[in-house]
Amino acid sequence: MNREGAMAQVEIYDGEGDQLLFTGGFDFLPRVGESIARDADGYFHYYEVIDVWHREDPEAGRFQPCLAVKIID
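Read on for a plain summary of the structure. All of these numbers come straight from a predicted model, not from anything done at the bench.

### Some words on the overall build of the protein
In terms of helices and strands, the protein carries zero helices and five strands. Starting at the N terminus and walking to the C terminus, you meet the elements of the protein as β-β-β-β-β. Reported as C-alpha extents along the three principal axes, the dimensions of the protein are approximately 40 × 25 × 20 Å. Relative to all contacts within the protein whose residues are 6 or more apart in sequence, the contacts with residues 24 or more apart total 33%. Accessible area for the protein stands at about 5,300 Å²; split by element, carbon and sulfur atoms hold 49% of it. For the protein, the separation between the mean place of its 6 positive charges and that of its 15 negative charges on side chains is 5 Å.

What follows is the structure, given as structure tokens:
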């Protein structure tokens, strides 16, 4: 967890990194090659992390963690 005890909000993008799929709170930032699972209406969707980056959010005065993922069938 970060200094304030809250989870980091991470933006999750499609494999091309241009379409935001969802955001999620993470205790730590997943690394390339790891998998994440998201519950959608009682069914889990699994994603492989293929890229990690941080984009600057000048209005908030911080960097936003971002992941690009591909769906795992």
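### Overview of the nonpolar core
Of all hydrophobic cores here, the largest spans nine residues; its members are V10, I12, F22, F26, I36, Y47, V49, L67 and V69. Of all elements in the fold, only β1 (8-13), β2 (20-26), β4 (43-57) and β5 (62-72) reach the threshold of two or more residues within this core. Excluding residues within four positions of it along the chain, F22 makes contact with V10, E11, I12, I36, R38 and Y47.

### Quick word on the pattern of salt bridges
Tallying each qualifying case throughout the model produces three salt bridges. Ionic pairing is found between E11 and R55, a salt bridge with its closest N-O pair at 2.7 Å. Residue E11 is located in strand β1, and its partner R55 is located in strand β4; the two are separated by 44 residues in the primary sequence. The shortest N-O distance in the salt bridge between E48 and K70 comes to 3.7 Å.

### Examining the packing of aromatic side chains
Counting across every chain of the model gives three aromatic pairs. When the centroid spacing of 5.6 Å and the interplanar angle of 35 degrees are considered together, the rings of Y13 and W53 count as tilted. Note that Y13 is positioned in strand β1 and W53 in strand β4, a separation of 40 residues in sequence. Among the residues examined, Y13 registers a relative accessible area of 13% and is labelled buried. Among the residues examined, W53 registers a relative accessible area of 24% and is labelled partly exposed. Looking at R38, its charged tip hangs above the ring of F22, at a distance of 4.2 Å from the centre.

About the thresholds
- Throughout this document, residue positions are counted from 1 along each chain, in the order its sequence is written.
- With pLDDT at 70 or above as the cut-off, local features in this predicted model cover only qualifying residues; side-chain atom pairs require 80 or more to be listed or tallied, and sums for whole chains, interfaces and linings still use all residues.
- Hydrogen atoms and water are omitted, and side-chain values are computed over all heavy atoms in the structure.
- Strands are runs of DSSP state E lasting at least 2 residues, helices are runs of H or I lasting at least 4, and numbering of each runs from the N terminus.
- Contacts are assigned to residue pairs that have any heavy atoms within 4.5 Å of one another.
- Surface exposure here means Shrake-Rupley accessible area, sampled with a 1.4 Å probe, where a residue is shielded only by the protein chains that are shown.
- When charges are counted, neither His nor the chain ends are considered; positive counts come from Lys and Arg and negative counts from Asp and Glu.
- In this description, the location of a charge corresponds to atom NZ of lysine, CZ of arginine, CG of aspartate or CD of glutamate.
- By nonpolar core we mean a set of buried residues, namely Ala, Val, Leu, Ile, Met, Phe, Trp, Tyr and Cys, connected to one another through side-chain atoms within 4.5 Å.
- Note on exposure labels: buried denotes an accessible area under 20% of the residue type's maximum, exposed denotes more than 50%, and partly exposed covers the range between, all computed with a 1.4 Å probe on protein chains only.
- Basic side-chain nitrogens of Lys or Arg form a salt bridge, by our definition, when they fall within 4 Å of a carboxyl oxygen of Asp or Glu.
- The rule is short: rings of Phe, Tyr and Trp, with Trp giving its six-membered ring, pair when the centres are within 6.5 Å, and they are stacked under 30 degrees, edge-to-face over 60, tilted in between.
- Whether a charge sits over a ring comes down to the Lys NZ or Arg CZ being within 6 Å of the ring centre and within 35 degrees of the ring normal.

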